[in-house]
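Each chain is listed here by its residues.
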Amino acid sequence: MSFDSIRAIRWENNRLLLLDQRLLPQQQIDVVCTDVAGVADAIRNMVVRGAPAIGITAAYGLVIAGQLRFAQDKARWQTTIAADLELLAKSRPTAVNLFWAIERMRGLIAGLPAQQDPAAALLAEAQLIHRDDIAANQRMGQLGAALIQPDSAILTHCNTGSLATGGFGTALGVIRQAYADKKVTKVFADETRPWMQGARLTAWELVQDKIPVTLIVEGAAAFLMKQQRVQWVILGADRITANGDVANKIGTYSLAVLARHHGVKFMVVAPTSTIDMQLASGADIPIEMRGEEELLQLGGQRLAPQGVQAWNPVFDVTPATLIDAIVTERGVVTEPDRQKMLAMMQKSDS
Ligand code: MRU
């Protein structure tokens, strides 16, 4: 498919390469991960970010871990690798895809024959997780784009594209597909403070793939909607609970409130690996708090005066009642609630 050229996670020559998203758009440099501590650091420090992308990265991290642990102790590697699983699980708390991928790899590891080299089986599983994510995104692209009327303008938040996933993207995948279908008149991306995923990453991705994009500051969203210049807000998710509440990048909740007030439709696009049916509601989701310096500084330069404190939750929770549609690879849930989410999860892929 056209409009889809970027792959940020690559396994090449038995090495994990991650496009360093902290340096984009100025520099395109890969970080090479050679051990599991390096993979956990890359996730924690935002070399790689975005819910599905960190799950896929953790799966590849466990390929590396399996190779190293087996080389150290062929008889006990399935026991010693537990420390690597735990290390990766501590890297970021909110996106459930990380834990989903770790649990899937844990299940595989437990079932492998003892004393046999696990490298091929671990790699095959990580590559399957990666491939399935791209396929889910392409499917969601079609399902989501079908909801959009021709001549629609879209506002998106954070980065949900090829950089945030195995490829193609969740919300940005829907935008890619709707643009390819000639339904989109304009894409607005908000800058997404403080990490600027919108200004740096979404804008870069769309420019690379030749989809016109217009940047706004987050504070401009209300005025944009008031002027009826957008028909849809489309964004991704880091965790969706059993009742359809959505944790996503800080600022998502404000956009949902604004959208409802102005009669703008609100779509969340996420694979089922982002859905956590174990949690009853968004109140149960652990919300990551990051360092004050992310707000007090800009580009490494001190911005706020000394003596100021900062409060930096990096995700918020949008209640299901403010969401018009949740799009997954298994289907679309409109006006989500517990029953509809359960019915969708019980379907096989559509
Ligand atoms: O802190 P980040 O950049 O990892 O946050 C990412 C987001 O919130 C994305 O919007 C979300 O993971 C959906 S990505 C497909």
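Structure first, text after, so check above.
Section: the packing of aromatic side chains
So, point 1. Scanning the model with the defined rule gives one aromatic pair in all.
So, point 2. Its end group placed over the ring of Phe 70, Lys 74 keeps NZ or CZ at 5.0 Å from the ring centre.
So, point 3. Geometry around Phe 315 places Lys 249 over its ring, the cationic atom sitting 4.4 Å from the centre.

Describing helix 10 (residues 252-262)
Counting along an α-helix, one turn takes 3.6 residues, and residues three or four places apart therefore face a common direction.
So, point 1. The complete set of buried residues in helix 10 reads Thr 252, Leu 255, Ala 256 and Ala 259. Down the axis, helix 10 shows its buried residues gathered within 100° of arc, on one side only.
So, point 2. With its phi angle positive at about 70°, Gly 263 sits one or two positions after the end of helix 10.

Structural notes on the side chain of Lys 183
So, point 1. Examined against the element boundaries, Lys 183 turns out to sit in the loop between helix 7 (171-180) and strand 5 (184-190).
So, point 2. Here Lys 183 sits buried without a salt bridge, and the closest side chain of opposite charge, Asp 181, lies 5.1 Å off (N-O distance).
So, point 3. Those residues within four positions of Lys 183 in sequence are excluded, and the remaining contacts are Ala 145, Ala 146, Ile 148, Gln 149, Pro 150, Asp 151, Ser 152 and Ala 178.

Quick look at the sheet that holds strand 5
So, point 1. On the basis of which strands lie adjacent, the open sheet formed by seven strands has the order 6-5-4-7-10-15-16 and mixed pairing. The open sheet has two edge strands with one neighbour each: strand 6 (214-216) and strand 16 (331-334). Each neighbouring strand pair of the sheet contributes to a mean axis angle of 25°, computed without reference to strand direction.
So, point 2. Here five bridges tie strand 4 (residues 152-156) to strand 5, and the two strands are oriented parallel to one another. Pairing of Leu 155 across the sheet is with Phe 188, part of strand 5.
So, point 3. Contacts from helix 8 (residues 197-208) reach strand 4, strand 5 and strand 6 within the one sheet, and its direction differs from that of strand 5 by about 150°.

Thoughts on the nonpolar core
It is characteristic of soluble globular proteins that their nonpolar side chains tend to be buried jointly.
So, point 1. Counting residues in each nonpolar core, the largest one holds 38 residues, and the members touching the most others are Ile 9, Leu 16, Leu 18, Ile 43, Tyr 60, Leu 88 and Met 105.
So, point 2. Top contributing element to this core by residue count: helix 2 (residues 51-72), with 12 residues.
So, point 3. When sequence neighbours within four positions are dropped, the list of residues in contact with Tyr 60 reads Ile 9, Trp 11, Leu 16, Leu 123, Ala 126, Gln 127 and His 130.
So, point 4. Leu 155, Ile 216, Met 225 and Ala 237 belong to the second largest nonpolar core, which has 28 residues in total.

Topic: the pattern of salt bridges
So, point 1. Inspection of every chain in the model, using the stated rule, returns 17 salt bridges.
So, point 2. Between Arg 106 and Glu 103 there is a salt bridge, with the nearest N and O atoms lying 3.0 Å from each other. Of this pair, Arg 106 and Glu 103 both sit in helix 5 (residues 96-111), three residues apart, which is roughly one turn of that helix.
So, point 3. With relative accessibility at 29%, the residue Arg 106 sits in the partly exposed group.
So, point 4. Close ionic contact of Asp 209 with Arg 176 constitutes a salt bridge, the shortest N to O distance being 2.6 Å. You can see Asp 209 sitting in the loop between helix 8 and strand 6 and its partner Arg 176 sitting in helix 7, a full 33 residues away along the chain.
So, point 5. Classification of Arg 176 by relative accessible area gives buried; the value is 0%.
So, point 6. Taken together, the shared-partner salt bridges connect Arg 92, Glu 288, Arg 290 and Glu 294 into one network.

Observations regarding the environment of Asp 284
So, point 1. Take Asp 284: it is sitting in the loop between strand 11 (275-276) and helix 11 (293-296).
So, point 2. As a C-alpha pair, Asp 284 and Phe 188 span 96 residues in sequence and 31 Å in three-dimensional space.

A few points about the site of the ligand
So, point 1. As a matter of local geometry, the ligand sits amid 19 residues, with Arg 49, Arg 92, Gln 197, Asp 238 and Lys 249 nearest to it.
So, point 2. One of the side-chain nitrogen or oxygen atoms of Arg 49 is found 2.9 Å away from an oxygen atom of the ligand.
So, point 3. Contacts to the ligand include Asp 238, whose side-chain N or O atom sits 2.7 Å from an oxygen atom.
So, point 4. For the ligand, whose free accessible area comes to 410 Å², the fraction covered by protein is 99%.
So, point 5. Residue assignment for the shell around the ligand shows that the elements contributing at least two residues are helix 2 and strand 9 (246-249).
So, point 6. The residue makeup of the shell around the ligand includes at least three contributed by each of domain 1 (9-135) and domain 2 (140-349).

Points about unusual backbone geometry
For residues that are not glycine, phi is negative in most cases, and the peptide bond is trans in most cases.
So, point 1. Along the chain, Leu 24 connects to Pro 25 via a cis peptide bond; the corresponding omega equals 5°.
So, point 2. Among the structural elements, Pro 25 can be located in the loop between strand 2 (15-19) and strand 3 (30-33).
So, point 3. Backbone torsion omega between Arg 193 and Pro 194 reads 0°, so that peptide bond is classified as cis.
So, point 4. Tracing the backbone through its elements, the reader meets Pro 194 in the loop between strand 5 and helix 8.
So, point 5. Although it is not a glycine, Phe 168 sits at a positive phi angle of roughly 80°.
So, point 6. A positive phi is found at Met 196, a non-glycine position, where the angle reads about 60°.
So, point 7. Within the secondary structure, Met 196 sits in the loop between strand 5 and helix 8.

Rules behind the numbers
- Residues numbered from 1 in each chain as written.
- Predicted model: local features only at pLDDT ≥ 70, side-chain atom pairs only at ≥ 80, totals over all residues.
- Heavy atoms only, no water.
- Phe/Tyr/Trp six-rings, centres within 6.5 Å; stacked < 30°, edge-to-face > 60°.
- Lys NZ or Arg CZ within 6 Å of the ring centre and 35° of its normal.
- Buried < 20%, exposed > 50% of the residue type's maximum accessible area, 1.4 Å probe, protein only.
- Helix = DSSP H or I, 4+ residues; strand = E, 2+ residues; numbered from the N terminus.
- Arc of directions from axis to C-beta.
- Lys, Arg positive; Asp, Glu negative; His and termini not counted.
- Salt bridge = Lys/Arg side-chain N within 4 Å of Asp/Glu carboxyl O.
- Contact = heavy atoms within 4.5 Å.
- Pairing = 2+ DSSP bridges.
- Axes fitted to C-alpha atoms, helices over the stretch in contact; angles between N-to-C directions.
- Core = buried A, V, L, I, M, F, W, Y, C linked by side-chain atoms within 4.5 Å.
- Near = heavy atom within 4 Å.
- Polar contact = N/O pair within 3.5 Å; in protein donor to acceptor, adjacent residues only side chain to side chain.
- Areas by Shrake-Rupley, 256 points an atom, 1.4 Å probe, with all protein chains shown as cover.
- Domains from an automatic or database assignment.

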